[in-house]
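Analysis of the macromolecular model
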Amino acid sequence: MPDAPGLELIRGEIEAAHPGAVIDSGFAQERAVLSIDPAHVLDVLRWLRDTSGHEYGFLSSLHAADYLPAQPRFAVHYELLNRDRVERIRVKALLPDPGDGALPELDSCVELFPTAEFQEREVFDFFGIVFKGHPDPRRILLPEDYVGWPQRRDFPVGGEPVTFTYNERNYG
Amino acid sequence: MAELAERTSEVMTVNIGPHHPATHGVLRLVVDLEGEVVREVRPIIGYVHTGIEKSCEDKSYWKVIPFVERMDYVSYFFQMEAFCGAVERLVELEIPERAKYLRVIFLELNRIHSHLVWLGTTALDLGAISMLWYCFRERDRILDLFEMATGQRMHTRYFQVGGVIEDIPLGFEAKLREFIREMPGRVEQYQALLDRNEVFLSRTKGTGVVSRERLLELGVTGPLLRAAGEPWDLRKAFDYLVYPRLDFKVPVGTVGDNYDRYRVRVAEMVESVRIVEQALDGLPEGPHIADDRKYVLPPRSELSTSMEALIHHFKLVTEGYRVGPGEIYYAIESPRGELGCFVVADGSAKPARVHFRDPSFVNLQAFRDMSVDGYIADMIASLGMLDPILGGVDR
């Protein structure tokens, strides 16, 4: 993990290459975190992967979270790893909810990290976040005709309603 | 291969599964065959998706533990460690030394157990039927040890946030030492049965080869990656529990074929036995769970004498403890690779998001590279050597 000045240097260098890409940087639970503008997600990931001296070449995990009621509502997390220096860094693409039933959109990083293919499909499946340019943008775990995005915080949890037919019949 | 392509040109699509003994779970494979050569394979998953991650959002933290155990149902201790470790890091709770050692002992026993299940079922797929009985004999001894210490053979709910729920019972150490003494000899027996088995060798050597670089691109971790010659093991790379204090080797392969995958996992079993022995030798005296009443249940004996202990017990059982806002990704080395647990806490007594980066799910992406342009029989061998646990894939 880069230390605090190291993280600020990374942020500065990305800012110089892609103005407006980094929204925030900091540490959360001993992990360096870069919060980025979703429009620049591929720029930042490519920069972190390819720039010599950084080379976070391994995408450990890609997952999403719904921060309802906070804004921006969604975030897609990229847990990047440099295996030589044993350093992890988290990139968080902050995605606002477009509203009116429209789905939030983000560039797919399958070209940079082929490992993201299944994981992006999983995020789409559960959060309804569309990855533009994904080679196979379908649901992966849920049935293909499923309606709704079950991992969103406003998706109801709960069982099926129980109808008390005996009580209704005999006791009204 | 070129010669084969000339002789047969008709492509036939065959469906394998979802219920098939060779798919190691509820996995469906749609395979395009040209003669006996696989031209394309599409794994179709989701048949045992149970929405565990969503269910966890509706449970207080301590009730999540038995849920997550049921994802990858062969390596349940690892799921517990990933989740408990993540929550402990969120609330900054240090666990006692004895708990760390006990966790290592059970994690490594679980690793041996998981590899035994893999070896038995995979050898069965390749025609070595007797391997299953030999492997399950030793597996049963490990389950007996689990039962002795935790009361359950599978899904033990033994790890708690703060440590482990109970200390090991009297007589456990003697039984474990007996197992440690016998297990390396048993592994030699397995090798004697397979290493000179002509059928096993010809079906595993040179099949399912994927290069180290391609595996890294696909995010593959664990024995599959190590079999291709990359010595990457989170137990060595990151500092968690007491692994830095233990002396063990990371077995690696050379070419990354199915035979290397077999060799790496078998060698890992021997290393795990060594780890268990060292952890048992180094097991310090002391408490087995942290003494923080805000997160850990007070000892049972105090409940009848201390009002305060009773209040803490009541609060912990009814509401659970609250975890301040934060998010964490905590990864450990499971028998199948990097098992990561991502937890988002929003300040309430229930997690806002629990996600598992399951190694089986990610590793399954390499299956296409392993099988395309090989024989369908080699595809079955590759699937066994990939060792996916569909409970972990589908969650």
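Keep in mind that what you see is a predicted model, and the values were worked out from it rather than measured.

What follows deals with the interface of chain B and chain A. Taken together, the contact between chain B and chain A spans 32 residues of the former and 23 residues of the latter. Residue assignment for the side of chain B that touches chain A shows that the elements contributing at least two residues are α2 (52-56), α4 (76-91), α9 (212-217), β8 (326-334), β9 (337-345), β10 (351-357) and α14 (359-363) of chain B. Class assignment for the residues of the side of chain B that touches chain A results in 14 nonpolar, eight polar and 10 charged.

Here we take up the confidence of the model for chain B. Residue and element names in this part refer to chain B. In the predicted model, chain B carries a mean pLDDT of 90, and 98% of its residues have values of at least 70. Of all secondary-structure elements in chain B, the lowest mean pLDDT belongs to helix α1 (residues 2-7), at 56, while helix α12 (residues 258-281) reaches the highest, 93. The ipTM value of the predicted complex is 0.86, and its pTM value is 0.90.

Residues and elements named next belong to chain A. Ordered by their spatial adjacency, five strands build an open sheet running β1-β2-β5-β4-β3, and the pairing between neighbours is mixed. One side of each edge strand has no neighbouring strand; the edge strands of this open sheet are β1 (22-28) and β3 (58-66). Sheet twist, expressed as the mean angle between neighbouring strand axes with direction ignored, is 20°. Sheet topology note: the strand β2 (residues 31-36)/strand β5 (residues 87-95) ladder contains four bridges and is parallel. Paired with Ile-36 across the strands is Ala-93, a residue of β5. Its contacts with the sheet put helix α1 (residues 4-17) on β1 and β2, and the angle it makes with β1 is roughly 165°. Helix α3 (residues 116-127) rests against β3 and β4 (74-82) of the sheet, and its axis sits at about 5° to β3.

With that settled, consider the pairing of strand β5 (residues 37-44) of chain B. All names here are of chain B. Across seven bridges, strand β4 (residues 28-34) lies against β5 in antiparallel orientation. The residue bridging Leu-29 from the neighbouring strand is Pro-43, located in β5. Counting the residues that bridge the hairpin from β4 to β5 gives two residues, and of these Gly-35 lies at a positive phi of roughly 70°.

All right, on to helix α6 (residues 130-150) of chain B then. All names here are of chain B. Taking 1.5 Å per residue, 21 residues should reach 30 Å; α6 reaches 30 Å between its end C-alpha atoms and fits that length. Of the residues making up α6, those classed as buried are Met-131, Cys-135, Glu-138, Arg-139, Arg-141, Ile-142, Leu-145, Phe-146, Ala-149 and Thr-150. All buried residues of α6 fall inside an arc of 155° around its axis, so they share one side. The outward face of α6, more than 90 degrees from its buried face, is lined by the exposed residues Ser-130, Trp-133 and Arg-137. Looking at the packing, one finds that the buried side of α6 touches α5 (97-125) and α7 (172-194). Directly after α6, the chain includes Gly-151, whose backbone phi takes a positive value near 90°.

Criteria and cut-off values
Chains are numbered independently. Their residues run from 1 in the order of the written sequence. To read the labels, note that chains go from A and ligands from 1, taken in the order they are written. With pLDDT at 70 or above as the cut-off, local features in this predicted model cover only qualifying residues; side-chain atom pairs require 80 or more to be listed or tallied, and sums for whole chains, interfaces and linings still use all residues. The contact criterion used is a C-beta to C-beta distance within 7 Å, with each C-beta placed from the backbone. Only runs of H or I of at least four residues qualify as helices and only runs of E of at least two qualify as strands under DSSP, and these elements are numbered from the N terminus. Gly is put with the polar residues, along with every residue not named as nonpolar or charged; the nonpolar set is Ala, Val, Leu, Ile, Met, Phe, Trp, Tyr, Cys and Pro, and the charged set is Asp, Glu, Lys and Arg. pLDDT expresses, on a scale from 0 to 100, how confident the predictor is about each individual residue. Strands were regarded as paired on the criterion that DSSP finds at least two bridges between them. Axis definition: a line fit to C-alpha positions, over the contact stretch in the case of helices; interaxial angles, taken between N-to-C directions, run 0 to 180 degrees. The span you would expect from a helix comes to 1.5 Å times its residue count less one. To sort residues by burial, count the other C-beta atoms lying within 10 Å of each one's C-beta; a count of 20 or more means buried, 12 or fewer means exposed, and anything in between means partly exposed. C-beta atoms are built from the backbone. Directions are taken from the helix axis to each C-beta atom, and the arc is the one they span.

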